[in-house]
Amino acid sequence: MTTLEKIKKYAMPNFGERDFVVSRGKGCALFDDKGKKYIDFGAGIAVASIGHANARWVRAVAKQAAEIAHCSNLYVTKPNADLCEALVKRIGAGKVFVCNSGTEANEALIKAARLYGAKVAGEGKKFRILTARDGFHGRTLGAVAATAQAKIQHGFEPLLEGFSYGNFNDLASFEDLMGDDVAAILVEPVQGESGVTPATAGFLKGLKKLARKHKALLLFDEVQCGFGRSGEFLACQRYGVKPDGVSMAKGLGGSFPIGAVWLSRPVQDIFTPGTHGTTFGGNPLACAAALATIAELDSKKLCANAKAMGEYLDSKLKAVAARHAGKIKLTRGLGLMRAVLFCDGYKNTDVCARLRKNGLILIPAGANALRFLPPLNIKKSDVDAAVKIFDKTVSEL
Ligand SMILES: *Cc1c(COP(=O)(O)O)cnc(C)c1O
């Protein structure tokens, strides 16, 4: 039986039809099981932030695996302590909880918001959470309730209570929903899954004011846009808006599954023993992978590289869009989180398949878009090579 036949027979069909078997990667190159090379500007959905098989990362993961990979949170390990310190140093005064994925990080934020609301207003009085339409926060049931998209929520009703949805970049719609019963506002500074829409600075600053006025927490989901991708360590730092809590995952482990939550000093101790936990979260192997990724980010100045390469990529994509005005509607994004939106009549998933045939990997997103989420250490020549394939492929449409 081939690998594809086996997957079809034994793996659940969550992910639709797939026809591509990956065998290895190096930097922003990916190879399939027949040895064909692709330029990977998807990075496993913004996960391989320092490229595939990065030498520092491979050394760190192998070394830690040979020492101790897991011991549970009944005990303490140095990599876990070092990672919490590293995140606090980059984000601000506060504390960190380490988990395993983006949706788990958001569940922790949701639970923290509920505890905070009960603490300041009494149980059952301040529990609502406002989120934005077309946001994406994950696939567990709390995160599904936070994700205001019919395609994510359909079939799972009744959903967790207490969520209300405003429109992204429409402050007035959040003001309409706001009240003293709101415990938190949770948004992505750059909406990723729905097509890479950056927030306006006015929107994020307005949400902060609104949250302050009603003693609610301002929480940012930086699972996709965080960890250097925006050009700063966190996207909210590019906007100059400091939240009360942040969720991270995707790029944090440089390909190793890990998530994390940061809470600011006034709420950093909201979780007390017994209120929240995890068996795998914060294990030394995942933390060593994240520490190696942060070390690579620092030593190679990858936030600055993401900003510069992001602008370079954007200028090249704008030129392609201008050449194919009837096919590409617009381009948008921030740092190395970019998207092109296709005109009606051109389907993003079809374009994606054709791009792969030509040797370029991109990621479809809602709104008929394709996302460019390359590793943060790409060079100009990588952008040139990717855009050349992209331009050629759009010409063929
Ligand atoms: C991917 C994503 C999540 C979910 O992360 P998982 O690791 O898949 O659970 C949550 N929020 C945002 C913004 C994401 O992009």
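1. Quick word on the layout of surface pockets
Moving on, step 1. As a volume, the largest pocket reaches approximately 1,900 Å³.
Moving on, step 2. Lining the largest pocket are 48 residues, and of these Phe 15, Gly 44, Ile 45, Ile 363 and Arg 371 sit closest to its centre.
Moving on, step 3. When contributions to the lining of the largest pocket are tallied by element, the ones reaching two or more residues are α2 (43–46), α5 (102–121), α7 (150–153), α13 (348–357) and β16 (363–365).
Moving on, step 4. It is α13 that provides the largest number of residues to the lining of the largest pocket, a total of five residues.
Moving on, step 5. Partitioning the lining of the largest pocket into residue classes produces 21 nonpolar, 15 polar and 12 charged.

2. Some remarks on the site of the ligand
Moving on, step 1. With respect to spatial proximity, the complete set of residues near the ligand consists of Ser 101, Gly 102, Thr 103, Asn 106, Phe 136, His 137, Gly 138, Glu 188, Asp 221, Val 223, Gln 224 and Lys 250.
Moving on, step 2. In this structure, an oxygen atom belonging to the ligand sits 2.8 Å away from a main-chain N or O atom of Gly 102.
Moving on, step 3. In the environment of the ligand, a nitrogen atom lies 2.8 Å from a nitrogen or oxygen atom belonging to the side chain of Asp 221.
Moving on, step 4. Contact with the protein chains hides 81% of the accessible area of the ligand, taken as 380 Å² for the molecule alone.
Moving on, step 5. The element best represented in the shell around the ligand is α5, accounting for three residues.
Moving on, step 6. Looking at the shell around the ligand residue by residue, the class counts come to two nonpolar, seven polar and three charged.

3. As for the state of the cysteines
Moving on, step 1. Tallied over the full model, the rule gives zero disulfides.
Moving on, step 2. Cys 71 takes part in no disulfide bond, and the closest cysteine sulfur to it belongs to Cys 287, at a distance of 9.9 Å.
Moving on, step 3. Of all cysteine sulfurs, the one in Cys 225 lies closest to Cys 236, which takes part in no disulfide; the gap is 7.9 Å.

4. Topic: helix α4 (residues 78–91)
Moving on, step 1. With 14 residues, α4 should reach 20 Å at 1.5 Å per residue; the first-to-last C-alpha distance of 20 Å fits that figure.
Moving on, step 2. When we look at burial in α4, the residues that qualify are Pro 79, Asn 80, Leu 83, Ala 86, Leu 87 and Ile 91. Down the axis of α4, the buried set is contained in an arc of 125°. They therefore lie on one face. Turned more than 90 degrees from where α4 packs its buried face, Lys 78 and Lys 89 sit exposed.

5. Regarding helix α3 (residues 55–67)
Moving on, step 1. With 13 residues, α3 should reach 18 Å at 1.5 Å per residue; the first-to-last C-alpha distance of 19 Å fits that figure.
Moving on, step 2. If you follow the buried residues of α3, they end up packed against α4 and α11 (284–299).
Moving on, step 3. For α3, the side-chain oxygen to backbone nitrogen distance between the N-cap and Arg 56 is 3.0 Å, and the N-cap itself is Asn 54.

What counts and what doesn't
- Numbers given for residues are sequential positions, taken from 1 along each chain in its written order.
- Selection of residues for local features in this predicted model requires a pLDDT of at least 70, selection of side-chain atom pairs for listing and counting requires 80 or more, and totals for whole chains, interfaces and linings are taken over all residues.
- Water and hydrogen atoms were dropped before computing side-chain values, which therefore reflect all heavy atoms in the structure.
- Note on definitions: the grid is 1 Å and covers protein atoms alone; a cavity is a set of points where a 1.4 Å probe fits but cannot get out; a pocket is an open set with protein on both sides within 12 Å along at least five of seven lines; lining residues have an atom within 4 Å of a point.
- Grid points are joined across faces, edges and corners, and a volume is the space filled by probe spheres set on the points.
- Numbering goes from the N terminus for both helices and strands, where a helix is a DSSP run of H or I of at least four residues and a strand is a run of E of at least two.
- Side-chain classes follow a simple rule in which Ala, Val, Leu, Ile, Met, Phe, Trp, Tyr, Cys and Pro form the nonpolar group, Asp, Glu, Lys and Arg form the charged group, and the remainder, Gly included, forms the polar group.
- The criterion for a residue being near a molecule or strand is simple. One of its heavy atoms has to lie within 4 Å of it.
- Any pair of N or O atoms that falls within 3.5 Å is considered a polar contact. Within protein, one atom must be able to donate a hydrogen and the other to accept it, and sequence-neighbouring residues count only if both atoms are side-chain atoms.
- The protein chains shown are the only cover counted for residues, whose accessible areas, like all others here, come from Shrake-Rupley with a 1.4 Å probe.
- When the sulfur atoms of two cysteines come within 2.5 Å, that pair is taken as a disulfide.
- What a helix is expected to span follows from its residue count: subtract one and scale by 1.5 Å.
- Relative accessibility thresholds used throughout: buried, under 20% of the residue-type maximum; exposed, over 50%; partly exposed, between the two (1.4 Å probe, protein chains only).
- Within this analysis, the arc is defined by the directions that extend from the helix axis to the C-beta atoms.
- Should any heavy atoms of two residues lie within 4.5 Å, those residues are considered in contact.

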